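One letter stands for each residue in the lines below.
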Amino acid sequence: MEKFKTLEIVQKNPNSSVFHLHLNRPSHRNALSPDFFSEFPRALASLDQNPSANVVILYGAGDHFCSGIDLKSLNSIAERALSGDRGRGGEWLRRHIKGLQDAVTAIERCRKPVIAAIHGACIGGGVDIVTACDIRFCTKDAFFSVKEVDLAITADLGTLQRLPSIVGFGNAMELALTGRRLSGQEAKQMGLVSGVFGSKQEMDDAVGFVAEGIASKSPLAVSGTKAVLLRSRDMNLEQGLDYVATWNSSMLLSDDLNETVSAQIQKRKPTFAKL
Ligand SMILES: CC/C=C\C=C\CC(=O)SCCNC(=O)CCNC(=O)[C@H](O)C(C)(C)COP(=O)(O)OP(=O)(O)OC[C@H]1O[C@@H](n2cnc3c(N)ncnc32)[C@H](O)[C@@H]1OP(=O)(O)O
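Calculation rules
Residues numbered from 1 in each chain as written. Predicted model: local features only at pLDDT ≥ 70, side-chain atom pairs only at ≥ 80, totals over all residues. Heavy atoms only, no water. UniProt positions renumbered as here; feature names shortened; annotations may be inferred. Domains from an automatic or database assignment. Contact = heavy atoms within 4.5 Å. Buried area = accessible area lost by both parts, 1.4 Å probe. Helix = DSSP H or I, 4+ residues; strand = E, 2+ residues; numbered from the N terminus. Expected span 1.5 Å × (residues − 1). Buried < 20%, exposed > 50% of the residue type's maximum accessible area, 1.4 Å probe, protein only. Lys, Arg positive; Asp, Glu negative; His and termini not counted. Salt bridge = Lys/Arg side-chain N within 4 Å of Asp/Glu carboxyl O. Polar contact = N/O pair within 3.5 Å; in protein donor to acceptor, adjacent residues only side chain to side chain. 1 Å grid on protein atoms, 1.4 Å probe; cavity = no way out; pocket = protein on both sides within 12 Å on 5 of 7 lines; lining within 4 Å. Points joined across faces, edges and corners; volume = space filled by probe spheres on them. Nonpolar A, V, L, I, M, F, W, Y, C, P; charged D, E, K, R; others polar.

Under the annotation held in an unreviewed UniProt entry, the chain carries the name Delta(3,5)-Delta(2,4)-dienoyl-CoA isomerase and is attributed to Morus notabilis. Of the comments in the UniProt record for the chain, the one headed Sequence similarities (unreviewed entry) reads "Belongs to the enoyl-CoA hydratase/isomerase family."

Right under this line is the structure:
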């Protein structure tokens, strides 16, 4: 497995198909550096391609989940964009931002579900990341902030596009315009997270349980559910129904379907081939 500077992939239990991906720069509160943006899509692609991995849990190492963009990297971005011709600098900046967006969207490109387990701060770019995740849980001491507006930035790595369908348009607008801190408890009430836990250990245990449950299901059906829900989010009802009919016309009649039916009749747990 590739070694990363800003990330660590851990398979806690060799018999489990749940893999952990740690944002691993705790001395900087897991601030998102240029190295992170090149490593993150590679890490997710490797998990996508790893037949032993069915589910990924995303954690932050140390006291916080993520402190957002590495503030020092913003200077070098500005310097590069402002050196030389304005138009060409702007064109470079547009491509650069799209590259950063692409790194976050790697979460959605991963066919396996990615679950965010959030403790401490989840700020700015951290919110971009967790809103691209498939499920979110947090501790009661977690806090969230769509902080960009306070740095004179229009958030540009996905929060403004993904947050409204998670918490509703009005809540997303209020959070993004104020940049205010949202507590773990309020994040649960708003629907940003599916559960809030008293301690990190409690969250780790509960998230591990949820992940193992998903990992025990047909990997084909799980990846199909992720793919179809994500595409349907961006389509109207008719297009979404058409898309899932086409999807299932090629993937419904799998060995996994026979296996689940046989297992139910034989009162045993089903086993599935890897994806
Ligand atoms: C093209 C643009 C694309 C994307 C743009 C995204 C925008 C954003 O992400 S906006 C959000 C930016 N982030 C912040 O404003 C958060 C800043 N950090 C904090 O508020 C706090 O550090 C904390 C996360 C609440 C944690 O507090 P604490 O535990 O007290 O740690 P500190 O002592 O503050 O920090 C320790 C150490 O980490 C460094 N650090 C923290 N955050 C960042 C960061 N975002 N970038 C770079 N470095 C960071 C901090 O400077 C300290 O370093 P020392 O060298 O030890 O002093």
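Still more ground to cover, so stick around.
> When you look at the domain arrangement of the chain in this model, what are you seeing that I'm missing?
Where interface size is given, it is often the accessible area lost as the parts come together that is meant. We note that the domain assignment places domain 1 (7–215) and domain 2 (219–266) within the chain. For domain 1 versus domain 2, the distance between C-alpha centres works out to 27 Å. Opposite the 12 residues of domain 1 that make contact, domain 2 presents 6 residues. Where domain 1 abuts domain 2, roughly 640 Å² becomes buried across the two surfaces, and 56% of that area is made up of carbon and sulfur atoms. For domain 1, the biggest contributors to the area lost against domain 2 are E108, R111 and D134; these three give 51% of the whole.

> Would you explain helix α9 (residues 219–233) in this entry?
Side chains that are three or four residues apart share a direction in an α-helix, a result of its 3.6 residues per turn. Given a rise of 1.5 Å per residue, 15 residues ought to cover 21 Å, and the 21 Å separating the end C-alpha atoms of α9 matches this to within 8%. Along α9, the residues classified as buried are P219, V222, S223, G224, K226, V228 and L230. Buried-residue contacts for α9 involve α3 (86–109), β4 (114–118), α8 (200–215), α10 (237–251) and α11 (255–265).

> I keep staring at the side chain of E39 and nothing clicks. Help me out?
By the element assignment, E39 lies in helix α1 (residues 34–49). The side chain of E39 sits in the buried core without any salt bridge; R42 is the nearest counter-charge, 4.7 Å away. Separated by 2.8 Å, the side chain of E39 and the backbone nitrogen of K5 make a polar contact. Excluding residues that lie within four positions of it along the chain, E39 makes contacts with F4, K5, T6 and L7.

> Honestly, the layout of surface pockets in this entry has me stumped. Any pointers?
Which parts of space are left empty comes out when a probe the size of a water molecule is rolled across the atoms. Its volume calculated, the largest pocket comes out at about 500 Å³. Residue lining of the largest pocket: 26 residues in total, with I69, L71, L74, L151 and I153 positioned closest to the centre. The biggest single contributor to the lining of the largest pocket is helix α2 (residues 71–82), with 6 residues. When the residues that make up the lining of the largest pocket are grouped by side-chain class, the tally is 14 nonpolar, 6 polar and 6 charged. Size it by volume and the second largest pocket reaches roughly 430 Å³. As for the second largest pocket, its lining consists of 18 residues, and the residues nearest its centre are C133, D134, K226, L229 and L230. Of all elements in the fold, only α4 (125–132), β6 (135–139), α5 (159–167) and α9 reach the threshold of two or more residues within the lining of the second largest pocket. Top element by residues in the lining of the second largest pocket is α9. It accounts for 6 residues. Looking at the lining of the second largest pocket residue by residue, the class counts come to 9 nonpolar, 3 polar and 6 charged. Residue contributions to the lining of the second largest pocket reach at least three from each of two domains, namely domain 1 (7–215) and domain 2 (219–266).

> Could you clarify how one ought to interpret unusual backbone geometry in this entry?
One can expect most non-glycine residues to show negative phi and most peptide bonds to be in trans. Unusually for a residue other than glycine, R29 sits at a positive phi of about 55 degrees. Looking at where R29 falls in the secondary structure, it is placed in the loop between β2 (18–23) and α1. Positive phi, normally seen in glycine, also occurs at K267, with a value near 50 degrees. By secondary structure assignment, the location of K267 is in the segment after α11.

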